[in-house]
Amino acid sequence: MAKALLGHVGGPDPRMVSEMRRLQQRIRDLEAELIRLQATNDALAARTRDEALSRMQEREPALT
């Protein structure tokens, strides 16, 4: 128990600091990927919506 307390009080473990930095970078990378994918998805959705509207306008009018 004393060793655990001494290690905790003695300062941060360099391996833990390194792992924390690696994980923080991974989070930043994943957040950037998420933003990129959301932008791509929005562009695809807009294009699909525009194509659907275009097809609706090209249809012949219904007989009344």
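What comes next is a walk through the structure.

What counts, and where the lines are drawn
Sequence order as written defines residue numbering, which begins from 1 separately in each chain. pLDDT decides what is reported in this predicted model: residues at 70 or higher carry local features, side-chain atom pairs at 80 or more are listed and counted, and totals for whole chains, interfaces and linings draw on all residues regardless. Derived side-chain values reflect all non-hydrogen atoms in the structure, with water molecules and hydrogen atoms excluded from consideration. Numbering of helices and strands runs from the N terminus; a helix is a DSSP stretch of H or I covering at least four residues, while a strand is a stretch of E covering at least two. Any residue under 20% of the maximum accessible area for its type is buried, any over 50% is exposed, and the rest in between are partly exposed; the area is computed with a 1.4 Å probe on protein chains only. Salt bridges are identified by distance alone: a Lys or Arg side-chain nitrogen within 4 Å of an Asp or Glu carboxyl oxygen.

So, on to the overall build of the protein. A count of helices and strands for the protein gives 2 helices and 0 strands. Expressed as a percentage of the 64 residues in the protein, the buried residues total 0%.

Where charged atoms from two side chains of opposite charge come close, those side chains can pair. Going through the model one piece at a time under the given rule, you end up with 3 salt bridges. Residue D13 is joined to R15 by a salt bridge in which the shortest nitrogen-to-oxygen separation is 3.2 Å. Between R36 and E33 there is a salt bridge, and its shortest N-O distance comes to 2.8 Å. Separated by 3 residues within a single helix, R36 and E33 lie in helix α2 (residues 14–58), roughly one turn from each other. A relative accessible area of 34% means that E33 is categorised as partly exposed.

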